[in-house]
Amino acid sequence: MRPDDRCRWCGGPVAQGASLIDLLCTEDLLCAACRHQLTPKPCTVMLGTLRIRGFYGYEGLFRSMLLQYKECMDEALQDVFLLPLARRLRRQLRHAVLIPMPSSTLKRRQRGFDTVPSLFSMLHLPIAQVLEKSGEMLQSGNAAQRRHNAAQIRLKADVSLPAGRLVLIDDVLTTGATLQAAAALLPQAKEAVVLGVNQRWLPSRPSVFQQIGERGRNKTKEKI
Ligand SMILES: [Zn+2]
């Protein structure tokens, strides 16, 4: 069996559990059982005037895979997140320049690769790294500290801004502070694309008064 015939997550055969139509129509990097747990559920979040599109809730297998990719430097997982969306996204974002949210120099050095540009590289769209962290802040601390740290970004001094449609990209929408800071620096960017969205942004998050019953997640779904 070739390496590409193995599921990038569980190591089982990619063909296992897949229907004939699946096999004929799609080339996946995950087996059907893993893909079933990592099925995109597109949603849109408005952060001020910034329209953010996301595809996975930051929970379950998506969260585990992203952590494995980022913290264990498991580059085999790089393309599994966008693969089912790539063709359509590439079409929708044609003529756009992607602006990745910056990671710290320390993290980049530890990993040996820059996570956000790598995660979106399969779209084969121009990526302009015009933002940088303005300080090497720790990612720990309470929510307010993390939010403050995330907002510590600036435009690089030595790069020129690309003209045309700018789309901010990030791996996960957590507090929203980074994207908000980026949108303030680049007001011409009206949209953003993230892989995952923290449950806090999704109306399906059950409140203390709504622990039982239908979550109403469909309200956040839309066709991409
Ligand atoms: Zn699998």
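In this convention, every chain numbers its residues from 1, walking through the sequence in written order. Side-chain atom pairs in this predicted model are given and counted only at pLDDT of 80 or more, local residue features only at pLDDT of at least 70, and totals for whole chains, interfaces and linings cover all residues.

**Some thoughts on the overall build of the protein**
Applied cut-off: Secondary structure elements follow DSSP: runs of H or I of four or more residues count as helices, runs of E of two or more count as strands, with numbering from the N terminus. Whether a residue is buried, exposed or partly exposed is read from the other C-beta atoms within 10 Å of its own C-beta, which are placed from the backbone; 20 or more gives buried, 12 or fewer gives exposed, and intermediate counts give partly exposed.
Helix and strand counts for the protein come out as 8 helices and 8 strands. Relative to its full complement of 224 residues, the protein shows a buried share of 29%.

**Some points on helix α3 (residues 60-71)**
Selection rule: An expected span of 1.5 Å times one less than the residue number is assigned to each helix. By construction, the arc corresponds to the directions joining the helix axis to the C-beta atoms.
Here α3 contains 12 residues, and its C-alpha end-to-end distance of 16 Å stays within 8% of the 16 Å for a straight helix at 1.5 Å per residue. For α3, every residue scored as buried is listed here: F62, M65, L66, Y69 and K70. Each buried residue of α3 lies within a common arc of 125 degrees when the element is viewed along its axis, so the set occupies one face. Seen from the open side of α3, the exposed residues pointing more than 90 degrees away from its buried face are G60, L67 and E71. A positive phi of about 55 degrees marks M73, the residue just after α3.

**Considerations on the confidence of the model for the protein**
So the rule is basically this: Residue-level confidence of the predictor is summarised by pLDDT, bounded by 0 at the bottom and 100 at the top. The contact criterion used is a C-beta to C-beta distance within 7 Å, with each C-beta placed from the backbone.
Averaged over the protein, the pLDDT score is 84; the fraction of residues at 70 or greater is 77%. Confidence scores differ between elements of the protein, with helix α1 (residues 20-25) showing the lowest mean pLDDT of 56 and strand β8 (residues 191-197) the highest of 98. Long-range and interchain partners of residues 206-224, a stretch whose pLDDT sits below 50, account for 20 contacts in this model, where long-range means more than four residues apart.

**Remarks on the pairing of strand β4 (residues 96-100)**
Heads up, the condition is: The criterion for strand pairing is that DSSP finds at least two bridges linking the strands in question.
For β4, the tally of buried residues reaches 4 of 5 residues, placing the bulk of the element in the interior. Of the strand pairs in this sheet, β4 and strand β7 (residues 165-173) are connected by 5 bridges, and their pairing is parallel. Looking across to β7, one finds that L98 is bridged to V167.

**Details of the pairing of strand β1 (residues 43-47)**
Taken together, the 5 bridges between β1 and strand β2 (residues 50-54) define a ladder with antiparallel strand orientation. In the sheet register, T44 faces β2, and the bridge partner there is R53. Counting the residues between successive antiparallel strands, the hairpin from β1 to β2 contains 2 residues, one of them, G48, with a positive phi of roughly 65 degrees.

**Focus: helix α8 (residues 177-185)**
Turning to α8, its buried residues number three or more, namely T178, L179, A182 and A183. Mapping the buried residues of α8 onto a view down its axis gives an arc of 130 degrees, with all of them on the same face.

**Things to note about the nonpolar core**
Selection criterion: Joined through C-beta atoms within 7 Å, a set of buried Ala, Val, Leu, Ile, Met, Phe, Trp, Tyr and Cys residues constitutes a nonpolar core. Domain ranges listed in this record stem from an automatic or a database domain assignment.
Residues V167, L168 and I169 are the most contacted members of the largest nonpolar core, which totals 45 residues. Elements represented by at least two residues in this core include exactly β1, α3, β4, α6 (115-120), β7, α8 and β8. Summarising the domain contributions, this core has at least three residues from each of domain 1 (1-36) and domain 2 (38-220). Beyond its immediate stretch of four places on either side in the chain, L168 contacts I99, M101, L179, A182, A183, A189 and A192.

**Details of the environment of L82**
Secondary-structure assignment places L82 in the loop between α3 and α4 (86-92). L82 has contacts with L89, L119, F120, M122 and L123, leaving out every residue within four places of it along the chain.

**What about unusual backbone geometry?**
In the Ramachandran plot, M73 falls in the positive-phi region, its phi being about 55 degrees despite a non-glycine side chain. Within the secondary structure, M73 is located in the loop between α3 and α4. Take M73: there are 13 C-beta atoms within 10 Å of it, and that puts it in the partly exposed class. Although it is not a glycine, H95 sits at a positive phi angle of roughly 75 degrees. Assignment of secondary structure puts H95 in the loop between α4 and β4.

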